[in-house]
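One letter stands for each residue in the lines below.
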Amino acid sequence: MRAGDDVGRRSWQGLAVSGQRRQAGLDGPLPVLCYYAADPARRPGCAVTAEVVIGPVALCGACERARSSLGKGVAARRLPPGPAVDVLAWVGEADAVAGQVQARLAAAVRRARLRGHSWAEIAGRLGVTRQAAQQRFGRAAGR
Ligand SMILES: [Zn+2]
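Since the model is a prediction, treat every value here as computed from it, not as a measurement. (Residues numbered from 1 in each chain as written. Predicted model: local features only at pLDDT ≥ 70, side-chain atom pairs only at ≥ 80, totals over all residues.)

### Overview of the environment of W119
Move 1: Summarising the element assignment, W119 is placed in helix α5 (residues 119-126).
Move 2: Residue classification places W119 among the buried positions, given that 21 C-beta atoms sit within 10 Å.
Move 3: Counting along the chain gives 11 residues from W119 to R130, while the straight-line C-alpha distance between them is 5.5 Å.
Move 4: In contact with W119, other than residues within four places in its own chain, are R130, A133 and Q134. (Helix = DSSP H or I, 4+ residues; strand = E, 2+ residues; numbered from the N terminus. Buried ≥ 20, exposed ≤ 12 C-beta atoms within 10 Å, placed from the backbone. Contact = placed C-beta atoms within 7 Å.)

### Describing the sheet that holds strand β1 (residues 52-54)
Move 1: Spatial ordering of the open sheet is given by β2-β1-β3, a layout of 3 strands whose pairing is antiparallel. Two strands close off the open sheet at either side, each with one partner strand: β2 (57-59) and β3 (77-78).
Move 2: When β1 meets β3, the two strands line up antiparallel, connected through 2 bridges. Each residue of the ladder has a partner; that of V52, found in β3, is R78. (Pairing = 2+ DSSP bridges.)

Pasting the structure below:
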């Protein structure tokens with residue numbers, strides 16, 4: 001693990017941890033994602049690949065230049081050169097993770113139903129109506 005990898009993993013917000021592990025054995029150094037890469041609405045100019053670390057936060061050059069109070073008084077540490085983030089690979093990784101999360105949610109709903117919890121209780125946890133929860137999970141969770 002090279003310096004900054006732990007920061008990069010936090011920056012992925014969990015999305016690419018498995019992808020990074022998969023790539024680690026194949027490609028050597030891992031790309032480090034900028035803290036703002038997952039927030040394109042807020043930082044449309046983000047270059048995605050981090051270049052510096054400021055405290056626990058990894059930033060690309062554009063976001064480093066745009067920072068205001070973040071890391072004030074903390075010196076930026078330049079990351080060692082590494083590969084750029086492949087945004088299309090990130091799309092695939094995020095889709096795979098979304099599928100895993102959906103399967104996990106369906107399993108949790110099924111377990112809740114098997115333990116006798118009502119659709120209204122499940123819907124309450126999901127923040128949706130009973131009907132919406134039942135429509136979404138009813139077949140998989142065994143009405
Ligand atoms: Zn950035």
